[in-house]
Amino acid sequence: DLNKVNDVRNALMKIVENNDENVHTIILFEAVMIYLDEGVPLSLLKLCADALKPLEQNGSFSSLVFADRLEHIPGGDFDVGRKVLESVGWKIVDWLPKPGLARHMGRLVLV
């Protein structure tokens, strides 16, 4: 259950904490955040960034790709999206808003 942020954090940390290789980690969210409790989507984005930053300090690379509805970003407003996503550790590389419920699509890298 992705609404249980601490459980997600623990599972993700088990995956990344034992990785000492240089890898490209890609996290994908597709039509998942739409169904999560308020506040959880941004918490998940932040915990992913926090978990992956130590790997990047050791030479790895991380990306997050999504086709979903992101919290606190009305429509496809790029400037608002940039501010919200940077506040949780991500920088927009590609931003492709579209009509529909999962209106935000794009690719992010760590700030």
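See the structure printed just above.
The following refers to the structure shown. (Residues numbered from 1 in each chain as written. Predicted model: local features only at pLDDT ≥ 70, side-chain atom pairs only at ≥ 80, totals over all residues. Heavy atoms only, no water.)

### Here's the deal with the packing of aromatic side chains
Evaluation of the coordinates by the stated rule reveals 2 aromatic pairs. Where Phe66 meets Trp95, the ring centres are 6.3 Å apart and the plane angle is 55°; that geometry is what we call tilted. With Phe66 in strand β2 (residues 61-68) and Trp95 in strand β3 (residues 90-95), this pair connects stretches of sequence that are 29 residues apart. Taking the centre distance of 6.4 Å and the plane angle of 75° together, the rings of Phe78 and Trp95 count as edge-to-face. In this pair, Phe78 is assigned in helix α3 (residues 78-87) and Trp95 in strand β3, connecting sequence segments 17 residues apart. With a relative accessible area of 13%, Trp95 lands in the buried category. Within the aromatic cluster, the residues linked to one another by ring pairs are Phe66, Phe78 and Trp95. (Phe/Tyr/Trp six-rings, centres within 6.5 Å; stacked < 30°, edge-to-face > 60°. Helix = DSSP H or I, 4+ residues; strand = E, 2+ residues; numbered from the N terminus. Buried < 20%, exposed > 50% of the residue type's maximum accessible area, 1.4 Å probe, protein only.)

### Focus: the sheet that holds strand β1 (residues 24-30)
In space, the 4 strands of this open sheet follow the order β1-β2-β4-β3, with mixed pairing throughout. Across the chains shown, the open sheet's two edge strands, defined by having one partner strand only, are β1 and β3. Within the sheet, the average angular offset between the axes of one strand and its neighbour, ignoring direction, is 25°. Pairing of β1 with β2 involves 7 bridges; the strand directions are parallel. Residue pairing in the sheet places Ile26 in a bridge with Ser63 of β2. Together, β1, β2, β3 and β4 (104-110) form the strand contacts of helix α2 (residues 40-57), whose direction differs from that of β1 by roughly 170°. With respect to the sheet, α3 is in contact with β3 and β4, its orientation differing from that of β3 by roughly 145°. (Pairing = 2+ DSSP bridges. Axes fitted to C-alpha atoms, helices over the stretch in contact; angles between N-to-C directions. Contact = heavy atoms within 4.5 Å.)

### Looking at the nonpolar core
Among the nonpolar cores identified, the biggest contains 30 residues, and Phe29, Leu44, Leu45, Leu64, Leu70, Leu85 and Trp90 are the most heavily contacted of them. Contributing elements (two or more residues each) for this core: α1 (5-16), β1, α2, β2, α3, β3 and β4. With 10 residues, α2 is the largest single contributor of residues to this core. Not counting chain neighbours up to four residues away, the residues in contact with Leu64 comprise Ile27, Phe29, Leu45, Trp90, Gly106, Arg107 and Leu108. (Core = buried A, V, L, I, M, F, W, Y, C linked by side-chain atoms within 4.5 Å.)

### A look at the environment of Leu64
Relative to the elements of secondary structure, Leu64 occurs in strand β2. Residue Leu64 is classed as buried on the basis of its relative accessible area of 1%. Spatially, the C-alpha atoms of Leu64 and Cys48 are 8.9 Å apart, while their sequence positions differ by 16 residues.

### A word on the pattern of salt bridges
Oppositely charged side chains are able to pair whenever their charged atoms sit close together. Counted under the stated rule, the structure contains 2 salt bridges. Note that Lys46 is salt-bridged to Asp50, the shortest N-O span being 3.0 Å. Here the residue Lys46 and the residue Asp50 both occupy positions in helix α2, the gap between them amounting to 4 residues, near one helical turn. Among the residues examined, Asp50 registers a relative accessible area of 39% and is labelled partly exposed. (Salt bridge = Lys/Arg side-chain N within 4 Å of Asp/Glu carboxyl O.)

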